[in-house]
Amino acid sequence: MQTETVLLILLAALAAMAIVLFQYFYKVSKRGKLYAILSFMRFISLFGIFVLLINPKFSRSKFTLEKPNLLVLVDNSSSMKLSDGKTTIDSVLNLIKSSSAITDRFNLEQYSFGSTLNDSDSLSFEEKNTNITKALSTANDIYANTQGAIVVLTDGNQTLGQDYEFYSTKNRFPIYPISIGDTTKYEDLRISQVNANTYAFLKNKYPVEIYVAYEGKGSVATSLRITLEGKTVFRENITLSSMANAKAINALLDAKSVGVKTLKVALEPLKNERNVANNQKDIAIEVIDERTNIAIITDVLHPDIGALKNSIESNEQRSVSIKRTNVDTKDLEPFDLLVLYQPTRAFKNVYEYLGQKKTNIFTITGPKTDWNFLNAVQNSFTKNSYHQAEEVFPTLNFGFSTFNIAEFSIENFPPLETNLGEVIINKKNEVLLGQRIKGVDLQEPLLAVMGNDREKEAVLFGENLWKWRIQSYRSIQDFQNFDDFIGKIVLYLSSNKPKSRFSIEYKPVYTGSNEAKITALYFDETFVFDNNATIVLHLKTKGSIESEEIPMLLKEGYYEADLSNLSSGEYDFTIMVKEENLSKSGSFTILEFDIEEQFLSSDYQKLGRLASNTGGKLFFPFETTDLIQEITEDNRFLPTQKSKENVVSLIDFRLVLAIIVSTFAVEWFIRKYNGLI
C-alpha cells in the first residue's frame, strides 16, 4: 500500500474523531456510558464513509518466465515417402523431442503441412501438394506477437504457391531447414510443362507447347513423342547438354473428330535414368464443333473493354470482336451476342438493327451513358438518372436461380461507378447483384437478367469491371472467379434453351483428383432454391455395372460432391433428386498424375538460401544434435521475464457499506429508545 493512502486513512480517522467530539462532547454537560457508545457508533459510520471515498488499494506484482516458441513444421507430402524420408523424419523428431535442452529453453509446437498447415503431429505422407510458403506464412500469422524459431523438415521441393525463397524476406522468425532426402544430383530428363488449350475446334489445328529440361553434365540425345489413342501424331528428336539444358517444342495437331482426346506426351528415357515418372505427362483436349461469336460495340476507350474481351475469350469456345458504333449493320449478323458498352445517341443504327433481328444483348451503362436516349430507344428498362456519379458496392443475391452462381464470390470487390437514380425494369427479370452505398442496401439492381427463352437480355448499371477482374487475381492468384462469372452470363445470353430446375456443373477432364468435384443446383417449382432436397450421385467406372452412391452435401447456395479420393480412370455418373423425376448424367476422366513423383533429390541449395535470408542455418538429418546445440546456445532465444501487476481493493465495498448502515441504524435506535431524538 502506498504511503499516501496510509496518510489519507489516518487523516480520515482524525476527521471522524473530530466530528464525533464536536457533536457529542463539545459544550455537552452530560457525559456517561451511553454517550460513549453513541459516539463510537458515529465514529465508525463517519470513518467508514471516508474510507469508501478514499477506496484504498494495494498492488501485487507477479513475475513469470516466458519461453520462446520452437515451431517444428514437417512436410507431410507423398514425396517424403518416395524419398524414404519417413524413417529419417521419425529419428529427427525423436531427437528434438527428447532433448532436455530444447524443452528447458523452448515451448515446442509441432505441425504438419502439405497444401496447408495442419495442427496435427500425425504423419501420413499422403498429401498431394507441397506449399512451403503457405506453411511459413500461417505460422507467422499464428505466432505474430511472440519470439522463437522455425525448424522445417522437408525436401525443399514445392509444388504449389509462391516461391518460398522470395517469401523469406517477410518471415519474422529465423528458419532452420533440415534437408530430407537424397542430395545427390542424378542425370535426369523431364517434361517441365505442357501448355494446351482446353478446347479445340473440329477440322482445325490446335497448338501444344512442351518444355523439356535436362539435369546432368554431359550431352544427351532423346526423342519426344505425342500419341493419341495409341497412334503417334508427333515426333521430334532432341539434343540437350549442360549448357543448353532446356528446350521449348511446339506442335500443331489436327482436330479430326469431336470428343475428349487424351494426349500422351513422352520423352524417351536415358539409359539408367532413375526417375522416369517425370518423362511423361497426359493432357486432355475437348474437340467441339461450335463457336460463339460476340461483338462489343463502344465509342468509349475504357479498360473494361479489354477486361471483357480477355475474360470472355478465356473460354476457347468464344471469340470477341470490338466494333465502333458506325459499324455496318450487315457485319453484325454473324454475331450471337452483342455487348453494348455505355450507349449514347451514336448507337441509334445499332438499336434499329436490334429492333429487326431480336439479337440477345448485354448492356453495360455508366456515367457516360446517355439515359435520355437509352430510355427512349428501348423498353426493357428505364432509369431516372440524377446525373450524379457515385460508387456502389455489389451485393450478391444468393437466391438467384437463372443459372449457377454457387462458386462466384464478390468478397473484397471494389465499387463500380454509376449515376444515381431510380431503376425500373419492365420485363420479367431476376436480380443477380444489388447496390450498396456506405453500408446501406439501396434495393436497386446493379446487374439483372431478363427476358424469356427466345429473347434474353442482361444489364449492368456500372463501369470499372476491370477492377473486379484484378481483385479476383489478387485474392486467388488467377482470374478464374471473374472469368467464370462473365462466362456464365455469356452462356445464358447466347443459349436459347429453357431454364431448368435442375442443373449440374463439372469438368470433363481432371488432371489428378485434387480438384475433382461436381456441383448441382436444384430449384422448386417456383424456381426458389431448395436447401432441403436429397440429391445423390451414382458413380461407376466406365464399363462397370456396380455403382457407388454418394450423397451431395449442401454448401452456400449449391450442392457438391467431392471426388478427390478417386483414383485415375474414366467414370460415368448419374445425379438424381430423390422424390422427384429429375436426373442428370455425364462422364469424366481423371488423368493419372502425381506432381510429387517428379522429384527424387532434395533442393537443399534453395533451403540453404531460405535459411540464410532469415538468419537461420541449413542442417542435414545427421546434424540434428548440432542444430539443437545451435538454437539452445543462441542468445536470440533467451526466455523473457514478464511482470504482471495486480491491483486489488483493500476493502469490500458491500461489507463497509453494510457496517455504515448498521452503525447508523443502531445509533438511531439507541437515541430513540433513550428519548434523545
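Residues numbered from 1 in each chain as written. Predicted model: local features only at pLDDT ≥ 70, side-chain atom pairs only at ≥ 80, totals over all residues. Heavy atoms only, no water.

*Asks:* Just to check I follow, could you spell out the overall build of the protein for this structure?
*Replies:* Across its full length, the protein holds 15 helices and 33 strands. Its C-alpha atoms give the protein a radius of gyration of 38 Å, more than 25% over the compact-globule value 26 Å for 677 residues. Dimensions of the protein along its principal axes, counting C-alpha atoms only, are 130 × 80 × 55 Å. Pairs at least 24 residues apart make up 72% of the contacts formed inside the protein by residues separated by at least 6 positions. Here the protein has roughly 35500 Å² of accessible surface; of this, 50% comes from carbon and sulfur atoms. Of the side-chain charges in the protein, 73 are positive and 83 negative, and the distance between the mean point of each set is 7 Å. (Helix = DSSP H or I, 4+ residues; strand = E, 2+ residues; numbered from the N terminus. Rg over C-alpha atoms; globule rule 2.2 N^0.38 Å. Contact = heavy atoms within 4.5 Å. Areas by Shrake-Rupley, 256 points an atom, 1.4 Å probe, with all protein chains shown as cover. Lys, Arg positive; Asp, Glu negative; His and termini not counted. Charge placed at Lys NZ, Arg CZ, Asp CG, Glu CD.)

*Asks:* What's the story with the sheet that holds strand E23 (residues 456-461) in this structure? I'm lost.
*Replies:* Hydrogen bonds along the backbone pair up the strands of a sheet, which may run parallel or antiparallel. A sheet is described by the order of its strands in space; here 9 strands give the open sequence E16-E15-E17-E18-E23-E22-E21-E19-E20, paired in mixed fashion. Both edges of this open sheet fall to strand E16 (318-323) and strand E20 (416-425), since each of them pairs with a single strand only. Across the sheet, the mean angle separating the axes of adjacent strands is 35 degrees when strand polarity is ignored. The sheet contact formed by strand E17 (residues 337-341) and strand E18 (residues 361-365) spans 4 bridges and is parallel. If you follow leucine 340 over to E18, its bridge partner there is threonine 363. Contacting strand E15 (292-297), E16, E17 and E18, helix H8 (residues 303-312) crosses the sheet at an angle of about 160 degrees to E16. Contacting E15, E16, E17, E18, strand E21 (429-437), strand E22 (440-451) and E23, helix H12 (residues 480-494) runs over the sheet at an angle of about 145 degrees to E23. (Pairing = 2+ DSSP bridges. Axes fitted to C-alpha atoms, helices over the stretch in contact; angles between N-to-C directions.)

*Asks:* Can you walk me through the layout of surface pockets in this structure?
*Replies:* To locate leftover empty space, one rolls a probe as large as a water molecule over the atoms. Of the volumes computed, that of the second largest pocket is approximately 340 Å³. Residue lining of the second largest pocket: 17 residues in total, with Leu354, Ile361, Ser380, Lys427 and Glu457 positioned closest to the centre. Taken together, the elements giving at least two residues each to the lining of the second largest pocket come down to helix H9 (348-357), E22 and E23. The biggest single contributor to the lining of the second largest pocket is H9, with 3 residues. Of the residues that constitute the lining of the second largest pocket, the class distribution is 5 nonpolar, 7 polar and 5 charged. (1 Å grid on protein atoms, 1.4 Å probe; cavity = no way out; pocket = protein on both sides within 12 Å on 5 of 7 lines; lining within 4 Å. Points joined across faces, edges and corners; volume = space filled by probe spheres on them. Nonpolar A, V, L, I, M, F, W, Y, C, P; charged D, E, K, R; others polar.)

*Asks:* Help me understand the pattern of salt bridges, please; the structure alone is not making it clear to me.
*Replies:* Oppositely charged side chains may form a pair once their charged atoms are brought near each other. Summed over all chains, the structure comprises 23 salt bridges. Two residues, lysine 606 and aspartate 163, come together in a salt bridge whose shortest N-O distance is 3.3 Å. Taken together, the positions of lysine 606 in helix H13 (residues 604-614) and aspartate 163 in the loop between strand E5 (148-154) and helix H7 (164-167) put the pair 443 residues apart, joining distant regions of the chain. By relative accessible area, lysine 606 is classed as buried at 17%. Assessed through its relative accessible area of 24%, aspartate 163 is described here as partly exposed. Among the charged side chains, a salt-bridge network with shared partners connects Lys517, Lys555 and Glu560. (Salt bridge = Lys/Arg side-chain N within 4 Å of Asp/Glu carboxyl O. Buried < 20%, exposed > 50% of the residue type's maximum accessible area, 1.4 Å probe, protein only.)

Bear in mind that shape data such as this cannot, by itself, settle questions of function.
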